[in-house]
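Coordinate analysis (summary)
So you can see what is in the structure, the chains are spelled out below.
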Amino acid sequence: MKFDALTEEHLDALREVSNIGVAHAATALSQLIGRSISLSVPKVLLTDIAKVPEVFGGAEKLVVGIYLQMLGDARGNILIVLPRDSALKLLSRLLPREKSEGSLLTELEISALKEVGNILASAYLNALGTLMGKTLIPSVPVLSFDMAGAVIDYALIALGEVGDLALMVETDFFGEEEKINGQFFLLPDPESLKIILTAIGVHL
Amino acid sequence: MSKIISVSISELKVAIAPAVLVTYGLGSCVGIALYDPEARTGGLAHTLLPAPVRDTQGVEKSAKFTCWAVDLMVDELVKCGCAPERLVAKLAGGATMFESQYRSTHGGIGERNVAAAKAALERCGIPLVAEDTGGDYGRSLEFNTATGIIMVRALQQPIKQI
C-alpha cells in the first residue's frame with residue numbers, strides 16, 4: 001500500500017489505535033520509574049524522508065535512540081528518541097547514582113535504557129495487537145547515542161526502498177514532577193500498513 | 001562570508017566557490033563529494049541506499065541511491081563548467097550505528113553504501129583521494145568549495161579534515 005494513497009480517515013484510525021497503545025506504554029513506564037508519566041495524544045505524520053530529521057529536532061541534536069523492530073503479523077520499526085538530558089534523568093530514577101565518566105553512557109546505563117525501550121514497545125504492541133486480533137512482538141532493542149540524523153537514517157532504509165515518504169506515529173511523553181521528554185515513533189512498513197488498517201476495520 | 005548550502009537525505013547539491021556545502025548527521029548514509037579544483041566547484045550528495053532493491057525500472061534516478069548519485073552529480077557539475085577528467089572524490093559516512101544483530105536484515109548497510117559509492121566512482125573514472133568511513137558514529141560534513149577540504153565532525157571524535 002502506498003503511503004500517498006492514505007486518506008484522512010485512515011490516518012484518524014491509526015491515531016485512534018495508537019492512542020490506546022501509548023496509554024498502555026505510559027502506564028508501564030510510570031510503574032517502572034515510580035513516577036507519573038504522561039503521553040500526548042499521538043500525531044500521525046506523513047513526511048518526506050528528507051524531512052524526517054527535522055521532526056526529531058534537527059539532524060545534529062544529541063539523542064539516545066532505542067530501536068526495535070515490530071515483528072509478527074505486521075512489520076515495521078519502532079524508534080524511541082530521548083534527548084540526552086531526559087535520558088540521564090530517567091537513568092537517575094532507575095539506577096543507583098554512579099560517577100558518570102565523561103559524556104558516554106556506561107554498559108549498565110545502556111542496558112537500563114534498552115529495557116525502557118523494551119517495556120514501552122511491548123506495552124504498545126501488545127495493545128495494538130489485541131485491537132487487531134493479531135500477534136505483534138518487539139525484537140531485542142538496540143541503542144545508539146549520537147546525532148539524531150545518524151541515529152534515524154537506519155530506520156529510513158526500509159522506507160526508502162519502497163518510496164520517498166515516511167509514515168510516523170509520534171507521541172511525546174513527559175514527567176509531571178520533572179521534565180522528561182521523549183518521542184515514540186512507529187514506522188510501519190508499507191505492506192504492513194494494509195494489514196493494520198484492515199485488521200482494525202478500516203475500508204480500503 | 002561563504003554561502004552555506006545544506007544537503008538533506010537523498011539530495012545532491014552543487015556549488016561554485018565561495019560556498020560551503022554541509023550535511024548533518026550521516027549515519028549509515030554516505031556523503032559523496034566531487035570537486036574540480038580548477039573550477040573551484042564541488043558537489044555533495046547524501047545517499048540513503050546502495051541501489052534499488054527490486055527491479056530498477058520505474059524507480060526515479062535520484063540521489064537517494066548511491067549507485068546513481070555520482071552520475072547525476074557529474075552531469076550537474078559539467079553544467080556548471082567542470083571538466084569530468086579534473087574531478088576528484090571524497091567519501092564520508094557509512095557507519096554501523098547499531099550493533100551487529102541487525103546485519104541479517106539490512107546487512108551492513110553502511111559498508112554496502114561505501115562499496116556502492118566506490119564502484120560508481122570507478123565506473124565514472126573519478127579518483128578517490130580521501131575517505132573517512134565506517135565506525136559506529138555519526139558524522140557531519142562541511143565541504144568548502146574554495147579549498148576542496150571537508151571538515152568531518154563527530155561526537156567523541158576529534159575534528160578531521162579530509
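Let me begin by describing the structure that accompanies this report. The structure presented is a predicted model; accordingly, all values stated were derived computationally and were not measured.

1. Overview of the pairing of strand β3 (residues 19-26) of chain B
Residue and element names in this part refer to chain B. Counting buried residues along β3, seven of its eight residues qualify, which places the element largely inside the surrounding structure. The pairing of strand β1 (residues 3-6) with β3 spans four bridges and is classified as parallel. Each residue of the ladder has a partner; that of Ser6, found in β3, is Val22. Inspection of the sheet shows β3 paired to strand β8 (residues 139-144) by five bridges, in the antiparallel sense. If you follow Val22 over to β8, its bridge partner there is Glu142.

2. Focus: the pattern of salt bridges
Once their charged atoms are close, side chains differing in charge can pair, the charge on each being opposite to the other. Applying the stated criterion across every chain, the model contains 11 salt bridges over all chains. Between B:Arg86 and B:Glu38 there is a salt bridge, with the nearest N and O atoms lying 3.5 Å from each other. Of this pair, B:Arg86 sits in the loop between α1 (66-79) and β6 (88-93) while B:Glu38 sits in the loop between β4 (30-36) and β5 (41-47); the two residues are 48 residues apart in sequence, bridging distant segments of the chain. Taking the relative accessible area as the measure of exposure, B:Glu38 reaches 62% and is therefore exposed. For B:Lys79, the salt bridge is made with B:Glu76, and the minimal N-O distance between the two is 3.4 Å. Highlighted residues: B:Lys79 and B:Glu76, both in helix α1, separated by three residues, approximately one helical turn. Through salt bridges that share partners, A:Glu60, B:Glu142 and B:Arg153 make up one connected network.

3. Some words on the interface of chain B and chain A
Each partner contributes to the interface: chain B provides 31 residues, whereas chain A provides 36 residues. Buried surface at the junction of chain B and chain A, both sides included, amounts to about 2800 Å², of which 61% is carbon and sulfur. Note that A:Glu60 and B:Arg153 form a salt bridge whose closest N and O atoms lie 3.3 Å from each other. In this structure, the connection of chain B to chain A is made through eight residue pairs in polar contact (both at pLDDT 80 or more). At the level of secondary structure, the elements contributing two or more residues to the side of chain B that touches chain A comprise β3, α2 (103-106) and β8 of chain B.

4. Considerations on the packing of α1(B) against helix α3 (residues 109-124) of chain B
Residue and element names in this part refer to chain B. Two numbers describe how α1 lies on α3: the axes approach to 8 Å, and their chain directions differ by 35 degrees. Classified by chirality, the crossing of α3 by α1 is right-handed. Two secondary-structure elements touch here, α1 through Thr66, Cys67, Val70 and Asp71 and α3 through Asn113, Ala116, Ala117, Ala120, Leu121, Arg123 and Cys124. Class assignment for the residues of the contact of α1 with α3 results in seven nonpolar, two polar and two charged.

5. Structural notes on the sheet that holds β3(B)
Residues and elements named next belong to chain B. Taken in spatial order, the five strands of this open sheet run β1-β3-β8-β9-β10, and their pairing is mixed. Both edges of this open sheet fall to β1 and β10 (160-161), since each of them pairs with a single strand only. Inspection of the sheet shows β8 paired to strand β9 (residues 150-153) by four bridges, in the antiparallel sense. Pairing of Glu142 across the sheet is with Met151, part of β9.

6. As for the packing of aromatic side chains
Across all of its chains, the model carries six aromatic pairs over all chains by this definition. Between the aromatic rings of B:Tyr35 and B:Phe143, the centroid separation amounts to 5.8 Å while the plane-to-plane angle is 70 degrees, which identifies the pairing as edge-to-face. Note that B:Tyr35 is positioned in strand β4 and B:Phe143 in strand β8, a separation of 108 residues in sequence. By relative accessible area, B:Tyr35 is classed as buried at 8%. Three or more aromatic residues link up through ring pairs in this structure, and these residues are A:Tyr67, A:Tyr154 and B:Phe98.

7. Here's the deal with the nonpolar core
A:Phe56, A:Val64, A:Leu79 and A:Leu113 are the most contacted members of the largest nonpolar core, which has 100 residues in total. Apart from the residues lying within four places of it in its own chain, the contact partners of A:Leu113 are A:Val64, A:Ile66, A:Leu82, A:Ala87, A:Leu91, A:Leu105 and A:Leu143. Counting 19 residues, the second largest nonpolar core, distinct from the first, contains B:Leu34, B:Ala63, B:Ala117 and B:Ala120.

8. Quick notes on the state of the cysteines
All names here are of chain B. All chains considered together, the criterion is met by zero disulfides over all chains. No disulfide involves Cys67; its sulfur sits 11 Å from that of Cys124, the nearest cysteine. Note on Cys67: relative accessible area 18%, which makes it buried. In this structure Cys80 is not part of a disulfide, and its nearest cysteine sulfur, from Cys82, lies 6.3 Å away. We classify Cys80 as partly exposed; its relative accessible area is 32%.

9. Things to note about helix α1 (residues 8-33) of chain A
If you check α1(A), its first and last C-alpha atoms are 36 Å apart, about what 26 residues at 1.5 Å a residue would give, namely 38 Å. Within two residues after α1(A), A:Gly34 carries a phi angle of roughly 70 degrees, on the positive side.

10. Side note on the side chain of A:Ser144
Tracing the backbone shows A:Ser144 in strand β6 (residues 142-147). When near neighbours in sequence (up to four residues on either side) are disregarded, A:Ser144 contacts A:Val63, A:Val64, A:Gly65, A:Val151, B:Met97 and B:Phe98.

11. Let's talk about the sheet that holds β6(B)
All names here are of chain B. Overall, mixed pairing links the five strands, which are arranged β2-β5-β4-β6-β7 in an open sheet. The outermost strands of the open sheet, each flanked by one partner alone, are β2 (12-16) and β7 (128-133). Strand-to-strand twist of the sheet, defined as the mean angle between neighbouring strand axes without regard to direction, takes the value 15 degrees. As paired strands, β4 and β6 are joined by six bridges and run antiparallel to one another. The residue of β6 that forms the bridge with Ile32 is Leu91. Contacting β4, β5, β6 and β7, α3 crosses the sheet at an angle of about 175 degrees to β6.

Criteria and thresholds
Residues numbered from 1 in each chain as written. Chains lettered and ligands numbered in written order. Predicted model: local features only at pLDDT ≥ 70, side-chain atom pairs only at ≥ 80, totals over all residues. Heavy atoms only, no water. Buried < 20%, exposed > 50% of the residue type's maximum accessible area, 1.4 Å probe, protein only. Helix = DSSP H or I, 4+ residues; strand = E, 2+ residues; numbered from the N terminus. Pairing = 2+ DSSP bridges. Salt bridge = Lys/Arg side-chain N within 4 Å of Asp/Glu carboxyl O. Contact = heavy atoms within 4.5 Å. Buried area = accessible area lost by both parts, 1.4 Å probe. Polar contact = N/O pair within 3.5 Å; in protein donor to acceptor, adjacent residues only side chain to side chain. Axes fitted to C-alpha atoms, helices over the stretch in contact; angles between N-to-C directions. Left-handed = near helix turned anticlockwise from the far one by under 90°. Nonpolar A, V, L, I, M, F, W, Y, C, P; charged D, E, K, R; others polar. Phe/Tyr/Trp six-rings, centres within 6.5 Å; stacked < 30°, edge-to-face > 60°. Core = buried A, V, L, I, M, F, W, Y, C linked by side-chain atoms within 4.5 Å. Disulfide = S-S within 2.5 Å. Expected span 1.5 Å × (residues − 1).

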